[in-house]
Amino acid sequence: MYRADSGPFLGQTDRVEPTDQHTLPASTRALLKAVAAISANLDLNTVLTRIVEAATQLTGATYGALGVLGHDSFLVEFVTTGLTRAQRERIGDLPRGHGILGLIIEQPQALRLDDLGEHPRSAGFPAHHPPMHSFLGVPVRIRGTVFGNLYLTEKEGGGGFTDQDQALVEALADTAGFVIENARAYGLSERRRQWLEASATLSESLQPPIELDDGLAELTRAARSMTAAAATAVVHLEDGAAVHTVSADPDLDEATIEDALVALEDRPWPRPDAVPVDMQLGDFRATLVPLRTHLVSLGLLVVLHVPGSSPMAAEEGLLLASFVDQAGLALDRAQAIEDRSELAVTSDRERIARDLHDVVIQRLFATGLQLQSAALKATPEVSARIDQAVDGLDATIKDIRGTIFELQHHDGGPSLRADLRHLTREYAPLLKFDPVVHTVGPVDSVVPRDVREQVTPVLREALSNLARHAAADHGEIVVEVDDHELRLTVVDDGIGIGPEVAESGLRNARRRASALGGSLELTPRRPRGTSFVWRVPIR
């Protein structure tokens, strides 16, 4: 039998003491420190900067850079260290991947040179570029795909980079690939969260009731905020012409933006089911996203990027397209709710019109018949009174029929009937009475715009004369529309218009009628008063 403390067989384990980092080689400690440094942050730009800084510290390089490859195998981003901001500005445009840099892109493997200028692929340096001799380049891979390249130059103390330098940078590059992948995944998830929040905010701002123009303006503002673009615009066809709704940086020249959008009209527009499309429009690189909504036919969201900027990343383009689709759904939802409300109002109007026709008018008509029957048996005085009541019923039936027609045909647009009554109420305080307004026929539905625009000024002139000169105790306004003409009649029981009154306002009314092929008749009434009849033909 073994005792419990006699060996490891009864559960006893060997305890491993942690390794003291001071016992590791200096290069290994430096590499571990570099790995810890680049792994301490998930912001991609910060990670890339720290990778370059770590590589220069590991190798003693004076200058370092990490070039990120785009879809066209050229450098789309160039993160540097060792250069001041002033030096970068003097150098100008960053490299695209020619010369020695292009060699590593074509052949993704480590390259170490003692003097850059002696290599046959050397393309030289641009003006104001600091001198560089020794060089070490190492590709950075993510899951076997080259993400970019690490470039190190000018080893401190002179001389070239060593095998150990290359081994350290290659080890750092292997680790950097995993760190970059994590940072990119985090950045993409964070960007998705931001786009989702923007979509929710936009949907909230597009709650009905909202006009289409206001909704499109909200969309362009939100898209410009999320993409940090120079300008955004929704372009759609309206009656065959392109209409632009633009949100732009206040410092941008509006003419430049308009030129870019006009240039778009000559290009083939992407299909409604197409993914975001990149193209050059004037001075801008543009991203086009179809706006799929039933409200905007052939609509496009146009994102105009700052001149010289890189194309939008594929992931960002898909997030933008999803955002635009959500906006289209929100616009359609707002329109659907508005249509449903309008349908409910229309149903109520039809029900009211039907009740007025089937119930109210029939009762009034029956009452009129009963009164006429009673008049046959009444005295002449009572019969005359009954006839007046029947005439009042006939007038009421006529007004109700006009109301029924308007209820059945009113489309929610401008109402000439409402405009005339509003103007009459406006003049009521200037008169001794409230003028009675009668409308006969489809006043709101068949009167053309050119005639409609003239009726209100003419009535205003007639009421102005009635208030200033007629001294009337009663007045009526009748607007009649039939298949051929519109007649505006204003009658009163005043003293009439004397010969000494200047006809400046009436002259304007005559000119308005004449311009439309009509006429103005101003005649006295018996025993007193004036009749003002303005008539114009309608098509």
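Let me sum up the structure you'll find in this document. Treat the numbers as computed from the prediction; the structure is a model and nothing was measured.

Right, let's get into the packing of aromatic side chains. On inspection of all chains with the given rule, the structure shows three aromatic pairs. Each member of the aromatic cluster is reached from another via a ring pair, and the members are Phe78, Phe135 and Tyr151.

Between helix H2 (residues 44–59) and helix H5 (residues 163–205), the least distance of the axes is 10 Å, while the angle of their chain directions is 170 degrees. Taken as axis vectors, H2 and H5 run roughly antiparallel relative to one another. Counting all contacts with H2, which are made through Leu44, Val47, Leu48, Ile51, Ala54, Ala55, Leu58 and Thr59, the residues of H5 involved are Asp165, Leu168, Val169, Leu172, Ala176, Val179, Ile180, Ala183 and Arg184. Counted by class, the contact of H2 with H5 contains 14 nonpolar, one polar and two charged residues.

Attention now goes to the packing of H5 against helix H6 (residues 212–227). Relative to each other, H5 and H6 sit at 165 degrees, their axes nearing to 10 Å. On the basis of their axis angle, the class for H5 and H6 is roughly antiparallel. Considering only the axes of H5 and H6, their crossing is right-handed. Across the interface between the two elements, Arg191, Gln194, Trp195, Ala198, Leu202 and Ser205 of H5 pack against Glu218, Leu219, Ala222, Met226 and Thr227 of H6. Classifying every residue of the contact of H5 with H6 by side-chain character gives six nonpolar, three polar and two charged.

With that settled, the discussion passes to the pattern of salt bridges. Taken as a whole and judged by the stated rule, the model has 15 salt bridges. Note that Arg193 and Glu190 form a salt bridge whose closest N and O atoms lie 2.3 Å from each other. Of this pair, Arg193 and Glu190 are both found in helix H5, three residues apart, which corresponds to roughly one turn of the helix. When salt bridges with common partners are traced through the structure, they connect Glu480, Asp482, Glu485, Arg487, Glu521 and Arg535 into a single cluster.

Turning next to the pairing of strand E2 (residues 75–81). Across the seven residues that make up E2, a large majority, five, are buried. Judged from the six bridges that link them, strand E1 (residues 61–69) and E2 form a sheet pairing that is antiparallel. The residue of E2 that forms the bridge with Ala65 is Thr80.

A few words now on the sheet that holds strand E15 (residues 530–537). Strands sit in the order E11-E12-E13-E15-E14 across an open sheet of five strands; the sheet is mixed. Across the chains shown, the open sheet's two edge strands, defined by having one partner strand only, are strand E11 (436–440) and strand E14 (519–524). Each strand of the sheet is rotated relative to its neighbour by a mean of 10 degrees, with strand direction disregarded. Pairing geometry for strand E13 (residues 485–492) and E15, over eight bridges, is antiparallel. Bridge pairing in E15 places Val491 opposite Ser531.

This part covers the sheet that holds E1. Taken in spatial order, the five strands make up an open sheet running E2-E1-E5-E4-E3, and their pairing is antiparallel. Each having just a single partner strand, E2 and strand E3 (111–113) make up the two edges of the open sheet. On average, each strand axis in the sheet is inclined to that of its neighbour by 15 degrees, with strand direction left out of account. The pairing of E3 with strand E4 (residues 135–142) spans three bridges and is classified as antiparallel. Each bridged residue has a counterpart across the sheet, and for Arg112 the counterpart in E4 is Leu136. Strands in contact with H2 are E1, E2 and strand E5 (145–155); relative to E1, the strand with the most contacts, it is inclined by about 145 degrees.

In this section: unusual backbone geometry. Phi at Glu154 takes a positive value of approximately 60 degrees, unusual for a residue other than glycine. Mapped onto the elements of the fold, Glu154 is located in strand E5. A positive phi angle is found at Ala228, which is not glycine, with a value near 55 degrees. By secondary structure assignment, the location of Ala228 is in the loop between H6 and strand E6 (231–238). The exposed category is assigned to Ala228, whose relative accessible area is 61%.

Another point: the side chain of Asp165. Mapped onto the elements, Asp165 comes out in helix H5. Among the residues examined, Asp165 registers a relative accessible area of 6% and is labelled buried.

Reading the values: rules and limits
Residues numbered from 1 in each chain as written. Predicted model: local features only at pLDDT ≥ 70, side-chain atom pairs only at ≥ 80, totals over all residues. Heavy atoms only, no water. Phe/Tyr/Trp six-rings, centres within 6.5 Å; stacked < 30°, edge-to-face > 60°. Axes fitted to C-alpha atoms, helices over the stretch in contact; angles between N-to-C directions. Helix = DSSP H or I, 4+ residues; strand = E, 2+ residues; numbered from the N terminus. Parallel < 35°, antiparallel > 145°, perpendicular 65-115°, else oblique. Contact = heavy atoms within 4.5 Å. Nonpolar A, V, L, I, M, F, W, Y, C, P; charged D, E, K, R; others polar. Left-handed = near helix turned anticlockwise from the far one by under 90°. Salt bridge = Lys/Arg side-chain N within 4 Å of Asp/Glu carboxyl O. Buried < 20%, exposed > 50% of the residue type's maximum accessible area, 1.4 Å probe, protein only. Pairing = 2+ DSSP bridges.

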